[in-house]
Structure formats: structure tokens, C-alpha cells
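# Remarks on the overall topology
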Amino acid sequence: MLSGRRLDLLDPSPLDIEIEDIAHGLARVARWNGQTLGPEIFSVAQHSLLVDHLAGRLAPQAGRRTRLAVLLHDAAEYVIGDMISPFKAVIGDAYRETERLVLDAVMRRFGLPAPMTKLAQDLAKRADRAAAYHEATGLAGFEPGEAQQFFGAPMPLDAQARALLEPWPVGRAEAAFLARFRMLDLPGPLQDEGAA
């Protein structure tokens, strides 16, 4: 990692994980294998911010621990990359197990339950599908009906969500991801799961 840390993918230690490395990596990993409109990639960092925003609309009562876990739901991709779902299925269990090991280490590094709580996992999944629908139709050339088959009915977007769908330069995505992380990872007690 640029921080100088060395991460063992087969036995990742939370002590070798730094948020700056995660933000740097996710801002440079393209969603949709880079097959999106515009001069900039749509990064996993920006996708994570969109998912976090949509999660806040889906569950405004969710506490900071849950929201932080949702923001970090794809954090393993800072070292293993983002693979499209059909290719993940071809690769199978080896990819999923590596992803799980890294994500669990990330969660432990930031004082979150590993694996993610059911509440955080379910919220991340719902928000991720909502984000994927709008990414697919707005950036990746899917027709609405086709996207609905894969991701379900679309969630209406507010102005902030629409702004998050405009691909940003890498530096902006990295800085915004770090800023949101720091907002959620404030010192002091975090609210319990499901707390307002």
C-alpha cells in the first residue's frame, strides 16, 4: 500500500489497514469495468458515497455504526478490485472468501462487527441495488426495463443522489470518501444499531 503497509490477502490483519489506502484505491477502481459514459470513471469510492446517501434515505433512523459499515461495504475492493457479478460467479468461492476476509479485517480495523451485522448488511444490499439501477441506466447504457430485471424497481433520486451519479475526477472522489468516513467515524460513542 502507499502508506507502506503490507496486507496479506490470505490472512489480512486489521493493523495493516489504513483508511487513506482504502480511499486511494477505491477512487481508482472503476465500476462497470469502466464501461460508463463520460471522460471520468465512475469509481467504487463514488458508488460507496451514493450507497451511503441512499441508505440514509431508506433508513434515516440508522445509527452511525450502521452507516459507517454501509459506506465501507465494498472496501475490500481497494485491494481485490471490482468484478462484475457474472465473472464473480465464474471465479466462485475463492474470490468471495478473499473478499470476506479483507472486508472483515476492514470492519474490525474501524471497530465495527465482523462480519457486518444483519441490519447493516441488509441496508447496504438494498441501497446498493438502488444505486446499481441508476448507475446502469444513467451511466452504463442499460434500458430501464433491463435494469429493473436485475436490480428491481427504481428508487426516486433527490438532487444530491443525482449529483453523486456524475462521475468525478479521482482526487475529488478520494477526498469526498475520506471526508464522509471522518464524519461517520467521529471520536466518542457511536449510536447502537438501529438507533436514531
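Only a predicted model underlies this, so the values are computations on that prediction, with no experimental measurement involved. (Residues numbered from 1 in each chain as written. Predicted model: local features only at pLDDT ≥ 70, side-chain atom pairs only at ≥ 80, totals over all residues. Heavy atoms only, no water.)

## Observations concerning the overall build of the protein chain
Of regular secondary structure, the protein chain possesses 10 helices and zero strands. Counted from the first residue to the last, the protein chain has its helices and strands arranged as α-α-α-α-α-α-α-α-α-α. Relative to its 196 residues, the protein chain shows a buried fraction of 47%. By sequence separation, contacts in the protein chain at least 24 residues apart represent 70% of the contacts at least 6 residues apart. Total accessible area on the protein chain stands at roughly 9,600 Å², and carbon and sulfur atoms take up 56% of it. Charged side chains of the protein chain number 21 positive and 26 negative; the gap between the two group centres comes to 4 Å. (Helix = DSSP H or I, 4+ residues; strand = E, 2+ residues; numbered from the N terminus. Buried < 20%, exposed > 50% of the residue type's maximum accessible area, 1.4 Å probe, protein only. Contact = heavy atoms within 4.5 Å. Areas by Shrake-Rupley, 256 points an atom, 1.4 Å probe, with all protein chains shown as cover. Lys, Arg positive; Asp, Glu negative; His and termini not counted. Charge placed at Lys NZ, Arg CZ, Asp CG, Glu CD.)

## A closer look at helix H10 (residues 170–184)
With 15 residues, H10 extends 21 Å between its outermost C-alpha atoms, agreeing within 8% with the 21 Å of an ideal straight helix rising 1.5 Å per residue. Within the sequence span of H10, burial applies to Ala 173, Glu 174, Phe 177, Leu 178, Arg 180, Phe 181 and Leu 184. End-on view of H10: buried residues confined to an arc of 165 degrees, all on one side of the axis. Buried residues along H10 sit in contact with helix H1 (19–26), helix H2 (44–58) and helix H3 (64–71). (Expected span 1.5 Å × (residues − 1). Arc of directions from axis to C-beta.)

## Observations concerning the environment of Ser 3
Within the element layout of this structure, Ser 3 appears in the segment before H1. For Ser 3, a relative accessible area of 41% puts it in the partly exposed group. For Ser 3 and Asp 16, which are 13 residues apart along the polypeptide, the C-alpha to C-alpha distance reads 9.4 Å. Ignoring sequence-local partners within four residues, the contact set of Ser 3 consists of Glu 18 and Asp 21.

## Brief notes about the environment of Gly 34
Tracing the backbone shows Gly 34 in the loop between H1 and H2. The spatial distance from the C-alpha of Gly 34 to the C-alpha of Asp 11 is 29 Å, given a sequence separation of 23 residues.

## Observations regarding the packing of aromatic side chains
Applying the stated criterion across every chain yields a total of six aromatic pairs. Taking the centre distance of 6.4 Å and the plane angle of 45 degrees together, the rings of Phe 142 and Phe 151 count as tilted. Grouping aromatic residues by their ring pairs yields a cluster made of Trp 32, Phe 142, Phe 150 and Phe 151. (Phe/Tyr/Trp six-rings, centres within 6.5 Å; stacked < 30°, edge-to-face > 60°.)

## A look at the pattern of salt bridges
The tally for this structure, following the rule as stated, stands at 12 salt bridges. In this structure, Glu 18 and Arg 109 form a salt bridge, with 3.5 Å as the shortest nitrogen-oxygen distance. Separated by 91 residues along the polypeptide, Glu 18 in the segment before H1 and Arg 109 in helix H6 (residues 93–109) bring together distant segments of the chain. A relative accessible area of 15% places Glu 18 in the buried class. Judged by relative accessible area, Arg 109 falls into the partly exposed class, the value being 31%. (Salt bridge = Lys/Arg side-chain N within 4 Å of Asp/Glu carboxyl O.)

## Thoughts on the confidence of the model for the protein chain
Across the protein chain, the average pLDDT comes to 92, with 93% of residues at or above 70. Confidence drops under a pLDDT of 50 for residues 192–196, and excluding neighbours within four residues, the segment shows 14 contacts in the predicted structure. (pLDDT = per-residue confidence, 0-100.)

## Quick look at the environment of Leu 26
As for its position among the elements, Leu 26 is in helix H1. Sequence spacing of Leu 26 and Val 90 is 64 residues, and the spatial spacing of their C-alpha atoms is 23 Å. Not counting residues within four places of it along the chain, the set of residues in contact with Leu 26 comprises Ser 43, Val 44, Ala 45, Ser 48, Asp 74, Ala 75, Glu 77, Tyr 78 and Phe 177.

## Digging into the nonpolar core
Among the nonpolar cores identified, the biggest contains 54 residues, and Ile 22, Leu 54, Leu 72, Val 106 and Phe 177 are the most heavily contacted of them. Those elements that place two or more of their residues in this core are H1, H2, H3, helix H4 (77–80), H6, helix H7 (118–138), helix H9 (159–164) and H10. Residue contributions to this core peak at seven residues, all from H2. Every residue in contact with Leu 54, bar those within four places of it in the chain, is listed here: Ala 127, Ala 130, Ala 131, Met 155, Leu 157 and Ala 161. Counting six residues, the second-largest nonpolar core is a separate cluster that includes Trp 32, Ala 132, Ala 136 and Phe 151. (Core = buried A, V, L, I, M, F, W, Y, C linked by side-chain atoms within 4.5 Å.)

## A short note on the side chain of His 53
Locating His 53 in the fold gives a position in helix H2. When its relative accessible area of 12% is taken as the criterion, His 53 is described as buried. Each residue touching His 53, except ones within four places of it in the same chain, is listed here: Arg 67, Asp 158, Gln 160, Ala 161 and Leu 164.

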